[in-house]
Amino acid sequence: MAYQISDECIACGACADGCPVNAISEGDGKYVIDADACIDCGACAGTCPVGAPQA
Ligand code: SF4
Ligand code: SF4
């Protein structure tokens with residue numbers, strides 16, 4: 001089960017820089033995680049200022 005980014009995302013981009021497999025990209029108004037690439041490391045959840053990435 002990959003992480004998903006909720007609508008709380010403020011599109012700051014911090015998580016994308018920290019993802020070890022580059023699974024995060026900018027979407028329409030928020031960032032999105034490629035579920036096929038995500039390895040569930042949890043780094044994005046730890047980096048996000050608003051807690052938007054959730055397992
Ligand atoms: Fe990237 Fe890890 Fe977040 Fe998955 S859980 S999107 S691999 S930082
Ligand atoms: Fe959105 Fe959080 Fe990623 Fe910033 S760190 S782009 S607020 S999910």
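Residues numbered from 1 in each chain as written. Chains lettered and ligands numbered in written order. Predicted model: local features only at pLDDT ≥ 70, side-chain atom pairs only at ≥ 80, totals over all residues. Heavy atoms only, no water.

Novice: For the site of ligand 2, give the residues involved together with the corresponding values.
Specialist: Neighbouring ligand 2 are 14 residues, the closest being C9, C12, G13, C15 and C48. Using a 2 Å cut-off from the grid points, one finds that ligand 2 occupies the second largest cavity. For the shell around ligand 2, the per-class residue count stands at 13 nonpolar, one polar and no charged. (Near = heavy atom within 4 Å. 1 Å grid on protein atoms, 1.4 Å probe; cavity = no way out; pocket = protein on both sides within 12 Å on 5 of 7 lines; lining within 4 Å. Sits in = over half its atoms within 2 Å of the grid points. Nonpolar A, V, L, I, M, F, W, Y, C, P; charged D, E, K, R; others polar.)

Novice: I'd love a proper account of the site of ligand 1, names of residues and values included.
Specialist: In the vicinity of ligand 1 there are 13 residues, among which C19, C38, C41, G42 and C44 approach most closely. More than half of the atoms of ligand 1 fall within 2 Å of the grid points belonging to the largest cavity. Tallied by class, residues from the shell around ligand 1 come to 11 nonpolar, one polar and one charged.

Novice: Give me the lowdown on empty space enclosed by the protein, citing residues and values where you can.
Specialist: A probe matching the size of a water molecule, rolled over the atoms, marks out where space remains unfilled. Summed over the entire model, instances satisfying the criterion amount to two cavities of 30 Å³ or more. In this structure, the largest cavity occupies an estimated 80 Å³ of space. Along the wall of the largest cavity there are 13 residues; nearest its centre are C19, C38, I39, C41 and C44. Of the pockets and cavities examined, the second largest cavity occupies roughly 60 Å³. As for the second largest cavity, its lining consists of I5, C9, I10, A11, C12, G13, C15, C48, P49, V50, A52 and P53. Split by residue class, the lining of the second largest cavity holds 11 nonpolar, one polar and no charged. (Points joined across faces, edges and corners; volume = space filled by probe spheres on them.)

Novice: How would you summarise the pattern of salt bridges if you had to cite specific residues and measurements?
Specialist: Within the structure shown, the criterion is met by one salt bridge. Put simply, D7 and K30 hold a salt bridge, and the shortest N to O gap is 3.6 Å. Within this pair, whereas D7 is found in the loop between β1 (4–5) and α1 (14–18), its partner K30 is found in the loop between β2 (24–26) and β3 (31–33), the two being separated by 23 residues in sequence. (Salt bridge = Lys/Arg side-chain N within 4 Å of Asp/Glu carboxyl O. Helix = DSSP H or I, 4+ residues; strand = E, 2+ residues; numbered from the N terminus.)

Novice: Requested: an account of the environment of A45, with residues and values cited.
Specialist: Here A45 lies in helix α2 (residues 43–47). As a C-alpha pair, A45 and A55 span 10 residues in sequence and 8.5 Å in three-dimensional space. In contact with A45, other than residues within four places in its own chain, are Y3 and P53. (Contact = heavy atoms within 4.5 Å.)

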